[in-house]
Amino acid sequence: MATIFTKIAKGEIPSYKVAENDDYYAFLDINPLAAGHTLVIPKHVEDDYIFHLEEDVYLGLCAFARKVAVAIKAAVPCKRVGVAVLGMEVPHVHIHLVPLSSESDLDFRKEKLAMTADEFAAIAASIQKEYEKL
Ligand code: AMP
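Residues numbered from 1 in each chain as written. Predicted model: local features only at pLDDT ≥ 70, side-chain atom pairs only at ≥ 80, totals over all residues. Heavy atoms only, no water.

Bringing the nonpolar core into the picture now. If you look at the biggest cluster of nonpolar residues, it comprises 28 residues, and the most contacted ones within it are V18, V40, L61, F64, V68, L97 and I127. Top element by residues in this core is helix α2 (residues 55-75). It accounts for eight residues. Those residues in contact with V40 that lie beyond four places of it in its chain are Y25, A26, L61, F64, A65, V93, H94, I95 and L97. Listed in part, the eight residues of the second largest apolar core include I8, A9, Y25 and I41. (Core = buried A, V, L, I, M, F, W, Y, C linked by side-chain atoms within 4.5 Å. Buried < 20%, exposed > 50% of the residue type's maximum accessible area, 1.4 Å probe, protein only. Helix = DSSP H or I, 4+ residues; strand = E, 2+ residues; numbered from the N terminus. Contact = heavy atoms within 4.5 Å.)

Structure representation (structure tokens):
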């Protein structure tokens, strides 16, 4: 059975898309640590552990995440974009990209940000706009 993230990448479940190419997809985390918190996934591989990926898929995912992070940094006021890989919840490889103003912004135990649908849509659009410039 397809994972929830495969369904998101196929458009079968809605998401706030920020970037996409043939093999990878980026969308906003629905329970963000900070505004602009983004997840980056491989579209066609459903393994649940990033270090199980074939090297070319892994390197492609990292290259795509780098580009998305550059777009996030341009679109969202922050000091830098932090990177985390957990995979404790969703069994489909994903990289978290989190705009950081301080170290505590990458603390997954902290209370998540409440954002409206309009706020999610606006931030996704501004990251997407920056991504398209790259
Ligand atoms: P983890 O597997 O521990 O890296 O956590 C999974 C992440 O996916 C969490 O931060 C969730 O908020 C996020 N998440 C789960 N379902 C969705 C969804 N449908 N859309 C966006 N983000 C999601």
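There is more to say after this.
Moving on to α2. In a regular helix each residue adds 1.5 Å, so 21 residues correspond to 30 Å; α2 covers 30 Å between its end C-alpha atoms and thus fits that length. When α2 is considered as a whole, its buried residues turn out to be V57, L61, F64, A65, V68, A69, A71 and I72. Mapping the buried residues of α2 onto a view down its axis gives an arc of 165°, with all of them on the same face. In α2, those exposed residues whose orientation departs by more than 90 degrees from the buried face are E55, D56 and R66. Of the surrounding secondary structure, the elements contacted by the buried residues of α2 are β1 (17-20), β2 (24-28), β3 (38-42), β4 (80-84), β5 (95-100) and α3 (117-133). (Expected span 1.5 Å × (residues − 1). Arc of directions from axis to C-beta.)

Let us now look at the site of the ligand. The local shell around the ligand holds 16 residues, among which D29, E89, V90, H94 and H96 are the closest. The separation between an oxygen atom of the ligand and a polar main-chain atom of G87 is 3.1 Å. One of the side-chain nitrogen or oxygen atoms of H96 is found 2.8 Å away from an oxygen atom of the ligand. A total of 510 Å² of accessible area belongs to the ligand in isolation, and the protein chains cover 87% of it. Looking at the shell around the ligand, the elements that each hand over two or more residues are α1 (4-9) and β2. If you tally residues by element for the shell around the ligand, the top one is α1, at three residues. (Near = heavy atom within 4 Å. Polar contact = N/O pair within 3.5 Å; in protein donor to acceptor, adjacent residues only side chain to side chain. Areas by Shrake-Rupley, 256 points an atom, 1.4 Å probe, with all protein chains shown as cover.)

On to the UniProt feature "domain: HIT" (unreviewed entry) in the chain, then. In the numbering used here, UniProt assigns the "domain: HIT" (unreviewed entry) feature to residues 4-108. The distance separating the terminal C-alpha atoms of residues 4-108 is 21 Å; by composition the span is 26% helix and 24% strand. (UniProt positions renumbered as here; feature names shortened; annotations may be inferred.)

Relative to the helices and strands, V45 is located in the loop between β3 and α2. Taking relative accessible area as the criterion, V45 reaches 27% and is therefore assigned partly exposed. When the C-alpha positions of V45 and L86 are compared, they lie 17 Å apart, and in sequence the two are 41 residues distant. Beyond its immediate stretch of four places on either side in the chain, V45 contacts L53, V57 and H92.

Turning our eyes to something else, we now look at the packing of aromatic side chains. A complete count under the given rule lists seven aromatic pairs for this structure. Taking 5.8 Å as the distance between ring centres and 85° as the angle between the ring planes, the aromatic pair formed by Y49 and F51 counts as edge-to-face. Looking at Y49, the relative accessible area reads 42%, which means it is partly exposed. For F51, a relative accessible area of 56% puts it in the exposed group. Aromatic side chains F64 and Y131 sit 6.0 Å apart centroid to centroid with 70° between the ring planes, which places their arrangement in the edge-to-face category. In this pair, F64 sits in helix α2 while Y131 sits in helix α3, placing the two residues 67 residues apart along the sequence. (Phe/Tyr/Trp six-rings, centres within 6.5 Å; stacked < 30°, edge-to-face > 60°.)

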